[in-house]
Amino acid sequence: MQCKEECQVFRPIATFSQNIWRYQFPPFSSADELSQVFDSLTKETAPLKEKVKDILMGSTPDPVEKVKFIDTLLRLGVSYHFEDDIENQLETIFTSHHNLFSGNHHDLNSTSIVFRVFRQYGFKMSCDVFNKFKDTDGKFKETLIDDVRGMLSLYEAAYLRVHGEDILEEALAFTTVHLKSMENKSNPHLAKQIANALDQPLNKCPPRLAARTYISFYEEEDFRIETLLKFAKLDFNRVQVLHKQEISQIARFWEDSKLSELSYARERYVETYTWGNSVFYEPRYAQGRIFLTKMILLVSILDDTFDAYGTPQELQRLIDALKRCEISAIDELEDYTKVICKAVLVLFDEIAEEVRKEGRSYSVPYAKDALIRLVNNYQAEVKWSHDGYVPAFEEYMSIATKTSTYDTFITTSFIGMGKMAAIEAFIWLRKEPKSMKALNVIGRLMNDIVSHKFERLRHHCPSSVECYMNQHGLSKKLTLKDFEKILEDAWKDLNEECMRPTDCPRDLLLRILNIARATYLFYKHEDGYTKPEYVKDDVRALFLDPIPV
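In this numbering scheme, every chain counts its residues from 1 along its sequence in written order. Two thresholds apply to this predicted model, a pLDDT of at least 70 for residue-level local features and 80 or more for giving and counting side-chain atom pairs, whereas whole-chain, interface and lining totals are computed over all residues. Only hydrogens and water are set aside when side-chain values are computed; all heavy atoms of the structure are taken into account.

## Structural notes on the overall build of the chain
The helix and strand inventory of the chain stands at 23 helices and zero strands. Put simply, the radius of gyration uses C-alpha atoms, and a globule should come to 2.2 Å times the residue count raised to 0.38. Relative to the globule expectation of 24 Å for 549 residues, the C-alpha radius of gyration of the chain, 24 Å, shows essentially globular dimensions. Expressed as lengths along the three principal axes of its C-alpha atoms, the size of the chain is roughly 85 × 60 × 45 Å. Relative to its 549 residues, the chain shows a buried fraction of 58%. Contacts: residue pairs with any heavy atoms within 4.5 Å of one another. Within the chain, counting contacts between residues at least 6 apart in sequence, those at least 24 apart form 75% of the total. Only the protein chains shown count as cover for residues, with accessible areas throughout obtained via the Shrake-Rupley method and a probe of 1.4 Å. Summing over all exposed atoms, the chain offers an accessible surface of approximately 23500 Å²; the carbon and sulfur share of this is 51%. Each helix is a run of DSSP H or I of at least 4 residues and each strand a run of E of at least 2, with the numbering of both proceeding from the N terminus. Three labels apply to residues, based on accessible area from a 1.4 Å probe with only protein chains included: buried if under 20% of the type maximum, exposed if over 50%, partly exposed otherwise in between.

This is how it looks when you write it as structure tokens:
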């Protein structure tokens, strides 16, 4: 009888592609061997690091050149070694040189780089510095088109814009049009930089991937500093060894937790690690990265369970068990939900043990609460799907921005940031600040834009695309045009919230920005999470292929 009932249960199972990384990142790789390589590279980079620091701390008559050197450190991915020194130098330059660009002697490239660097570090430099590059008719000078590097730098700077900065809107439109036409006319070195910038703007790129890309560009520059280049390459390879080790840990977690038995779900532990790594790649956040990746992996399983497998009754029992958050709760569950619930409980126990040592046990209830809110909202979407209900766009977004999953991810990432994330940070996060609202909009809309076609192939709740088209009577093309504006406004909100003074430590806010960057990487063309072939080259560059030195 039980078998007969089971056979009659309708499960809208999706056909997901296989894990393409299973044999490249085995769960039982030699940890000792990798540790030895990491230690060896750490020793090799130490003297180079000191030489680079000497350059950074050396006196420079022109503060603009100092900021441009800081930008090079930032883009090569080694600025994390010198954060305090960089912060102090930028603050001194920003407060002491109010008229840094009052004259006309700095070109477009230098002006744009300095503007972008200050904005990236939260100093709200005025966009009026670009007025001098306009003609009397109020348009950007046509002569700028011949300055390819300047145009590239202005393009990247424009992505740091906030609301009301019309000149940066104009700058982005101006540079985008002309860079597209320049790509085929420029030398191969600059053409590669232009293509990369148009595809993945710096402010929308995960920092580690941006560094991997820029190292290859910097190597071809005549003005490169050989010591700095070698340091950047060796440090990238050094940290890559650590990341490989961590991916093997996550693969082991997948196997040990028996998640591989859930054949209906996506096996994406390398892709989930890529998300976690995008949030914080620095070695000092290793434990936080492991916790975050495990959480992302379990949320991915939950997402597939609510979307494509569980019945409303089974899912409610799972929610009730997760709320109880104790091992005895799993006795009442189906076999497949027992696997999920047990893995979640084990992870929360691991987190609780680690933060107890730091005196930060206050953080765990916030992570549990975020997960419970997520699964409750998943269940609301299940009801929509079950009832065939198509909500208005605003109603849809009130639930679907929560099932973008980012509240859970950011809460977990804060736990990984150590004592910097005091209880006030979790209270602030729970109040749904503007930055989180913006992030959730980016996550939901970008995901829906690339995934709604695939999801319509099976029984699934409607996406934002269908809800908006249905409510406003618009075509898909016009809907996506409106979504572009909503998304750009959300990015402006994120930029604004990262400007000083901030309501939360900037290092915590950067986790929010970095998740948005990972979102852009995975969803800019297709659903790179569900279809990992779209991001495989980036994953390989980040974690498999060391840079030749």
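## Let's talk about empty space enclosed by the protein
Any space left empty among the atoms is revealed by the rolling of a water-sized probe across them. Points on a 1 Å grid, built from protein atoms alone, make a cavity when a 1.4 Å probe fits but cannot get out and make a pocket when they are open with protein on both sides within 12 Å along at least 5 of 7 lines; residues with an atom within 4 Å of a point are the lining residues. Grid points are joined across faces, edges and corners, and a volume is the space filled by probe spheres set on the points. Under the counting rule described, the total for this entry stands at two cavities of 30 Å³ or more. Here the second largest cavity defines a volume of roughly 100 Å³. Surrounding the second largest cavity, Tyr 366, Arg 373, Asp 407, Thr 411, Phe 426, Leu 429, Arg 430, Glu 432 and Met 436 form its lining. Per-element tally for the lining of the second largest cavity: the top contributor is helix α18 (residues 423-430), with three residues.

## Considering the packing of aromatic side chains
Working definition: an aromatic ring pair is given by the centre-to-centre distance plus the angle between the planes. Paired rings are identified among Phe, Tyr and Trp, the last through its six-membered ring, by centres lying within 6.5 Å, and are further divided according to the angle between planes into stacked (under 30 degrees), edge-to-face (over 60) and tilted (the rest). Counted by the stated rule, this structure contains 31 aromatic pairs. The interplanar angle of 55° and the centroid separation of 6.4 Å between the aromatic rings of Trp 384 and Tyr 389 together place this pair among those described as tilted. On the basis of relative accessibility, which here comes to 9%, the residue Trp 384 falls in the buried class. Here the aromatic residues Trp 275, Tyr 406, Phe 409, Phe 522, Tyr 523 and Tyr 529 are joined through ring pairs into a cluster of three or more. Over a ring means this: the NZ of a Lys or the CZ of an Arg is within 6 Å of the ring centre and within 35 degrees of the ring normal. Just above the ring of Phe 236 sits the side chain of Arg 208; from NZ or CZ to the centre is 3.7 Å.

## Some thoughts on the environment of Ala 210
Here Ala 210 shows up in helix α9 (residues 207-218). Ala 210 sits in the buried class, given a relative accessible area of 13%. The spatial distance from the C-alpha of Ala 210 to the C-alpha of Asn 196 is 9.8 Å, given a sequence separation of 14 residues. Those residues in contact with Ala 210 that lie beyond four places of it in its chain are Arg 75, Leu 202 and Cys 205.

## Quick word on the nonpolar core
Residues enter a nonpolar core if they are buried and are Ala, Val, Leu, Ile, Met, Phe, Trp, Tyr or Cys, with the set joined through side-chain atoms within 4.5 Å. Leu 259, Leu 262, Leu 302, Phe 306 and Phe 414 are the most contacted members of the largest nonpolar core, which totals 115 residues. For this core, the element with the most residues is helix α22 (residues 506-523), which contributes 12 residues. An automatic or database domain assignment is the source of the domain bounds shown. Residues lining this core come from more than one domain, with at least three contributed by each of domain 1 (51-99 + 106-223) and domain 2 (232-544). The residues contacting Leu 259, other than those within four sequence positions of it, are Phe 253, Trp 254, Leu 297, Leu 298, Val 339 and Ala 343. Membership of the second largest hydrophobic core comes to 65 residues, among which are Leu 108, Leu 144, Leu 190 and Val 241.

## Examining unusual backbone geometry
For the bond from Arg 500 to Pro 501, the omega torsion is -10°, close enough to zero to count as cis. Within the chain, Lys 258 stands out as a residue other than glycine whose phi angle is a positive 65°. By the secondary structure assignment, Lys 258 is in the loop between α10 (226-256) and α11 (269-279). Its identity is not glycine, yet Glu 432 carries a phi of approximately 55°, on the positive side. Following the sequence through the fold, Glu 432 ends up in the loop between α18 and α19 (434-455).

## Focus on the packing of α10 against α11
Describing two packed helices takes the angle between their axes plus the distance from one axis to the other. Taken N-terminus to C-terminus, the directions of α10 and α11 make an angle of 130°; their axes are 10 Å apart at the nearest point. Classified by the angle their axes make, α10 and α11 are oblique. In this structure, α10 meets α11 at a crossing whose hand is right-handed. Of the residues in α11, those touching α10 at His 243, Glu 246, Ile 247, Ile 250, Ala 251 and Trp 254 are Tyr 269, Val 270, Tyr 273 and Asn 277. Looking at the contact of α10 with α11, its residues break down into seven nonpolar, two polar and one charged. Axis definition: a line fitted to C-alpha atoms, over the contacting stretch in the case of helices. Angles run 0 to 180 degrees between N-to-C directions. Should an angle fall under 35 degrees it is taken as roughly parallel, and over 145 as roughly antiparallel, whereas 65 to 115 is taken as roughly perpendicular and any remaining angle as oblique. Handedness of a helix crossing follows the sense of rotation of the near helix relative to the far helix, less than a right angle counterclockwise being left-handed and clockwise being right-handed. Charged residues are taken to be Asp, Glu, Lys and Arg, nonpolar residues to be Ala, Val, Leu, Ile, Met, Phe, Trp, Tyr, Cys and Pro, and polar residues to be all remaining types, Gly included.

## Things to note about the side chain of Glu 334
Inspection of the secondary structure puts Glu 334 in the loop between α13 (312-324) and α14 (335-358). Residues adjacent in sequence count toward polar contacts only when both atoms are side-chain atoms; beyond that, a polar contact is any pair of N or O atoms within 3.5 Å, and within protein one must be able to donate a hydrogen and the other to accept it. Side chain to side chain, Glu 334 and Arg 317 meet in a polar contact 2.6 Å long. Dropping the residues within four chain positions of it, Glu 334 is found in contact with Glu 314 and Arg 317.

## Observations regarding the layout of surface pockets
Roughly 990 Å³ of volume is contained in the largest pocket. Lining the largest pocket we find 37 residues, and of these Glu 484, Leu 487, Glu 488, Tyr 520 and Lys 524 sit closest to its centre. Breaking the lining of the largest pocket down by element, the ones donating at least two residues are α7 (166-182), α8 (188-199), α19, α21 (476-497) and α22. With 11 residues, the single largest contributor to the lining of the largest pocket is α21. Considered class by class, the residues forming the lining of the largest pocket number 16 nonpolar, four polar and 17 charged. Residue contributions to the lining of the largest pocket reach at least three from each of two domains, namely domain 1 (51-99 + 106-223) and domain 2 (232-544). Approximately 680 Å³ is the volume attributed to the second largest pocket. Considering the residues around the second largest pocket, the lining is formed by 33 residues, among which Leu 74, Ser 79, Glu 83, Pro 207 and Leu 510 are closest to the centre. Mapped onto the lining of the second largest pocket, the elements with two or more residues apiece are α3 (63-75), α4 (83-96), α5 (108-120), α9 and α22. Sorting elements by how many residues they give to the lining of the second largest pocket places α22 first, with seven residues.

## Comments concerning the pattern of salt bridges
Salt bridge, as used here: a side-chain nitrogen of Lys or Arg that lies within 4 Å of a carboxyl oxygen of Asp or Glu. Applying the stated rule across the entire model yields 40 salt bridges. A salt bridge links Glu 226 to Arg 224; the shortest N-O distance between them is 2.8 Å. Classification of Arg 224 by relative accessible area gives partly exposed; the value is 30%. The shortest N-O distance in the salt bridge between Arg 238 and Asp 235 comes to 3.1 Å.

## Topic: the domain arrangement of the chain
Parsing the chain into structural domains produces domain 1 (51-99 + 106-223) and domain 2 (232-544). Each of domain 1 and domain 2 was reduced to a C-alpha centroid, and the two centroids are 31 Å apart. Listed as interface residues are 32 residues of domain 1 and, on the opposing side, 36 residues of domain 2. Summed over both partners, buried area is the accessible surface (1.4 Å probe) that two parts give up on being assembled. Taken together, both faces of the contact between domain 1 and domain 2 bury some 3300 Å²; the carbon and sulfur share is 53%. Sorting the residues of domain 1 by area buried against domain 2 places Tyr 80, Lys 204 and Arg 208 first, and these three jointly supply 26% of that buried surface. Summed over the shared surface of domain 1 and domain 2, the result is seven salt bridges. For Glu 219, the salt bridge goes to Lys 233, with nearest N and O atoms at 2.5 Å. The interface formed by domain 1 and domain 2 includes 23 residue pairs in polar contact (both at pLDDT 80 or more). Of all the elements in the fold, those that place two or more residues in the side of domain 1 that touches domain 2 are α5 and α9.

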